[in-house]
Amino acid sequence: MTQVLDRIRASLIGLRMPKALESLDHMMRCLERGEISALEAIDGLLAQEHGNREGRRVTMGMKTSRLVPIKTIEGFDFSFQPSLDRERILALAQLDFIERAQVVHLLGPPGTGKSHLATALGVEAVRAGKRVYRATLAEVVDMLSRAERDGRLPERLRFFARNSLLIVDEIGYLPITPGGANLFFQLVNQRYEKGAMILTSNRGFAEWGEVFGDPVVATALLDRLLHHAVVVQIEGASYRLRAHADLIPEHTRSHASITPPPLQKRRGRPPKHRSFDLQIG
Ligand code: ADP
Ligand code: MG
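Residues numbered from 1 in each chain as written. Chains lettered and ligands numbered in written order. Predicted model: local features only at pLDDT ≥ 70, side-chain atom pairs only at ≥ 80, totals over all residues. Heavy atoms only, no water.

Before going further, it helps to examine helix α1 (residues 2–14). For α1, with 13 residues, the first-to-last C-alpha span of 18 Å sits near the 18 Å given by 1.5 Å per residue. R16, located one to two residues past α1, shows a positive phi value of around 55°. (Helix = DSSP H or I, 4+ residues; strand = E, 2+ residues; numbered from the N terminus. Expected span 1.5 Å × (residues − 1).)

Right, here's the structure in full:
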């Protein structure tokens, strides 16, 4: 018996299964007391190890995907955002859109949970074993510009292509130069019908010409980004400002207005939130 146990220990060490090794003694005691069967003991040991590895894989995945700070669907208060169809978000969390290489647009004013939901969908994808990368549009354009300058643009584009889900956050907060828009177009064109994307924006599609500093490129971008697209429009109040509800005028509080309250002028972001002209689905 002791010999067998020693062999099991040696095997678990050789197989690098520290969690199973850790719970071996406990499992043996349960087994001896007749609390569990041999089959349950094996199951327990393997489940410990597997659970631990999965946890580590997901934690690592969240970091390399840049999904930290982590947001979850469970952590999203749908009652705060009544204009948002909960079932639709839960359907997206099933991740079929990734298989179909679709584009999901999350649109709405600041603080309505666009980044939260984009990250939460990314977290679901990492849990499901998908490769995900999240960055703001400004970061993506910066990465592409640097790569182009260093003569490594194809390599950088391949890096993005390796991810089955690319999340591009904050389209519309900072204007993009025509050169940057061109690079972003190359990225979008390369992913078109091949890789899924989630895009978040506080601006309507009609304003993309302004955002990308070039109406021709903006039209070409939208042509690809609206084909096979899912558009989710959030028309609610800012979650960030909920604690200051008393400072927000009554009419904006009760009507989930798209116009942000006056105290939105923070951190120097341009307060441009006009109506959304184009709506799909
Ligand atoms: P946006 O990207 O639309 O400007 P965020 O997703 O960054 O807004 O949301 C701002 C903050 O409020 C984040 O910390 C986010 O987790 C939180 N938040 C927003 N909406 C909700 C919600 N409905 N339930 C829970 N937390 C929310
Ligand atoms: Mg955001």
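In the region of ligand 1, 14 residues are neighbours, and D77, G111, K114, S115 and H116 sit closest. Within the side chain of K71, one N or O atom sits 2.9 Å away from an oxygen atom of ligand 1. At a separation of 3.0 Å, an oxygen atom of ligand 1 approaches a polar side-chain atom of R240. In the complex, the protein chains occlude 86% of the 550 Å² of accessible area that ligand 1 would expose alone. Most atoms of ligand 1, that is more than half of them, are within 2 Å of grid points of the largest pocket. Split into classes, the residues belonging to the shell around ligand 1 amount to four nonpolar, six polar and four charged. (Near = heavy atom within 4 Å. Polar contact = N/O pair within 3.5 Å; in protein donor to acceptor, adjacent residues only side chain to side chain. Areas by Shrake-Rupley, 256 points an atom, 1.4 Å probe, with all protein chains shown as cover. 1 Å grid on protein atoms, 1.4 Å probe; cavity = no way out; pocket = protein on both sides within 12 Å on 5 of 7 lines; lining within 4 Å. Sits in = over half its atoms within 2 Å of the grid points. Nonpolar A, V, L, I, M, F, W, Y, C, P; charged D, E, K, R; others polar.)

Moving on to empty space enclosed by the protein. This structure, assessed with the given rule, holds two cavities of 30 Å³ or more. The volume enclosed by the largest cavity comes to roughly 80 Å³. A101, V103, Y192, E193 and R224 are the residues nearest the centre of the largest cavity, which is lined by 13 residues in total. If you list the elements that add at least two residues to the lining of the largest cavity, you get α9 (178–191) and α11 (215–225). A breakdown of the residues in the lining of the largest cavity according to their chemical character gives six nonpolar, four polar and three charged. (Points joined across faces, edges and corners; volume = space filled by probe spheres on them.)

So, about the nonpolar core. Across soluble globular proteins, nonpolar side chains show a tendency to be buried alongside one another. If you look at the biggest cluster of nonpolar residues, it comprises 35 residues, and the most contacted ones within it are F160, V168, F184, M197, W208 and F212. Those residues in contact with V168, other than ones at most four positions away along the chain, are A135, T136, L137, V140, F184, M197, I198, L199 and T200. (Core = buried A, V, L, I, M, F, W, Y, C linked by side-chain atoms within 4.5 Å. Buried < 20%, exposed > 50% of the residue type's maximum accessible area, 1.4 Å probe, protein only. Contact = heavy atoms within 4.5 Å.)

Empty space within the largest pocket amounts to approximately 540 Å³. What lines the largest pocket is a set of 26 residues, and nearest its centre among them are K71, G113, S115, H116 and R240. Elements with a contribution of two residues or more to the lining of the largest pocket: α6 (114–127) and β3 (165–171). Class assignment of the residues belonging to the lining of the largest pocket gives a composition of eight nonpolar, nine polar and nine charged.

Once that is clear, we can look at the pattern of salt bridges. By the definition in use, this model includes 18 salt bridges. E54 is the partner of R57 in a salt bridge, and the nearest nitrogen-oxygen pair spans 3.0 Å. A residue pair is termed a helical-turn pair when its members lie 3 or 4 positions apart in one helix, as R57 and E54 do in helix α3 (residues 38–64) at three residues. The partly exposed category is assigned to R57, whose relative accessible area is 31%. When its relative accessible area of 30% is taken as the criterion, E54 is described as partly exposed. One connected set of salt bridges, linked through shared partners, spans R149, D150, R152 and E155. (Salt bridge = Lys/Arg side-chain N within 4 Å of Asp/Glu carboxyl O.)

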